[in-house]
Structure formats: C-alpha cells, structure tokens
Amino acid sequence: MSISIRTLSEADLKSADAILRSAFQRSGSWLGDLRIFRKLQSTGVFLASRDGIPAGMVTTIIYSKCAYVGLMGVHRDFQKQGIGRALMEHLLAWLEQQGIPQVKLDASPFGQPLYEKLGFVPLDEVYVLQRQAGQPTYQPPTEIQILAPRNLDLITAIDTRVFGANRSRLLQALLETYPERAFLLADGRGSLTGYLIAQEKRIGPWVMENTEDAELLLQAALSLPFHGPISVVVPGENTDSIALLQRHGFDIVRVNRHMERG
C-alpha cells in the first residue's frame, strides 16, 4: 500500500469535503471553507491518497513569516495508517521551501501527540463553544454598523494588533463570501473598537476592545440566520468572553491546545 500527496485541485473539492465530513463527523458541507483556503493559498492545500483513493487533506495560510495550519483531517476509513503524519511532514517541508520559520495550529487531544512528535510545542488552551439551533435570536443593537469591504483597512489595523500578523487577504475573502454578515462598532469619536464576521456555521474572526463591545457584536451576529449549530473558538485565557458566550446559550464542546513549531 502506498501514500501519495499532491496539491488539491478544484476537481478534488468533493473528495476533500467527504474526507472532512468523515474526519470531524459533521453532516454539513465544508466546501465554502475549502474554496476560501484555495483562494488564499492554493499551493498550500494538499490531498493525500492511499492506493489512489482520497484519504486525507491539510490546508495552511501564510502570514508574512508565520503559517497557520487550518483544516487537517483523515477519513475514518484510513485513520491510524500514517496518513496524518505523511501530510504534516509534506506540509512542513513545503513551508520550509517557502522560507517560513514558524508554524502554528490548534490541536485536538487526539492530534496533539502527532504534532509533538513533529516538533510542535503545546501552549495555551483553546475552547470550542457551540450554540444549538432553535435558540432565541436578537434584534441587532442600534450601535452596530454593517461592515463593508471599504472598511477593510480599518479592521485590518485592529486585527493585526491583536492577531500579530496581517490577515487582510483573509478578511477580504470573508467579507466577499459573507456580505451583510459582518459588523463593526465605533466609539463616539468614530474610532473602531471591535468587529465581527459571522460565517455560515461559525462566528469569527471576532475582535473587540472590551466585554461590553463583545456583547453588542455577539447580539448582532445572533440576529442572523444560521444553518445548524453555531461554533466559536476562544483562547482559554479569555474567560470574560467564554462567560459571555455561555450566558447566550453556548456550551463548551471541546478544549484544544494551541501549538507552535519554530
């Protein structure tokens, strides 16, 4: 039996979607996420096949001298056969060729031992919270404004300060993909204090200066229609936001580990 790895093409999207649905046990489609990753870093999305059958995939986005690994999954029929490790070794070698010295990711408890073997160091905890469908919705607060593509430079500045790297390409792609599903909040002087983008099944990116702003942005997001449960990822140290989400019907469903290499 042999493992082959190549760049994922447009024709591979349905196979990649099936892999992710199996790996993460999610009934909904991942096609929207996959198209965004290919739009941002088409050469950094890889498909692994076992004897010619699509079996696993991984994505990454490069931000200056740092890369984030996004979706990494192996179909349940092919797990524990070395495919995940082969994908990560291929990806890390490719990032080294691009001159990227640092790689970051959020690891599940299941995946953490593999990443440690590949040189990743565990850091802080990351909480995944979820709100089930059918819960109360809100009217958007009057203080909230719709975030438009023309506001990209404005939100990039605050996002870079918090995230530590320029994500303008990602933010632009999300604003184009989810029009009318992004919000901003400004103070009385017109200075931006926070923004939020509500994707199809998740909330984020979500950046704010204080908890009061966070709640207004959250209420705006929860005024929108979602298809199925809504997920949010929050650093474990951000206890105020975790408590805020729990007050609005979110439950902690998983605790991952933020990890870095290099």
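Scroll up for the structure.
Residues numbered from 1 in each chain as written. Predicted model: local features only at pLDDT ≥ 70, side-chain atom pairs only at ≥ 80, totals over all residues. Heavy atoms only, no water.

1. Thoughts on the side chain of Asp12
- Take Asp12: it is sitting in the loop between β1 (3–7) and α1 (13–24).
- Take Asp12: its relative accessible area is 8%, and that puts it in the buried class.
- Separated by 2.9 Å, the side chain of Asp12 and the backbone nitrogen of Ser9 make a polar contact.
- Those residues within four positions of Asp12 in sequence are excluded, and the remaining contacts are Arg6, Thr7 and Leu47. (Helix = DSSP H or I, 4+ residues; strand = E, 2+ residues; numbered from the N terminus. Buried < 20%, exposed > 50% of the residue type's maximum accessible area, 1.4 Å probe, protein only. Polar contact = N/O pair within 3.5 Å; in protein donor to acceptor, adjacent residues only side chain to side chain. Contact = heavy atoms within 4.5 Å.)

2. Here's the deal with the nonpolar core
- In terms of nonpolar packing, the biggest core is built from 34 residues, with Leu34, Met57, Leu147, Ile155, Leu175, Tyr195 and Ile197 touching the most fellow members.
- Of all the elements in the fold, those that place two or more residues in this core are α1, α2 (31–41), β2 (45–50), β3 (53–63), α5 (152–163), α6 (168–177), β8 (182–186) and β9 (192–198).
- What Leu147 contacts, discounting residues up to four positions off in sequence, is Ile155, Leu175, Ala182, Phe183, Leu184 and Tyr195. (Core = buried A, V, L, I, M, F, W, Y, C linked by side-chain atoms within 4.5 Å.)

3. Remarks on the environment of Phe120
- By the element assignment, Phe120 lies in the loop between α4 (112–117) and β6 (121–131).
- The class of Phe120 is buried, set by a relative accessible area of 3%.
- Remark: the alpha-carbon pair of Phe120 and Arg169, spanning 49 residues in sequence, is separated by 26 Å.

4. Regarding the environment of Asn238
- You can see Asn238 is positioned in the loop between β11 (230–235) and α8 (239–247).
- Under the relative-accessibility criterion, Asn238 is labelled partly exposed at 25%.
- Considering only alpha carbons, one finds Asn238 and Tyr127, 111 residues apart in sequence, at a separation of 9.5 Å.
- Separated by 3.1 Å, the side chains of Asn238 and Ser241 make a polar contact.

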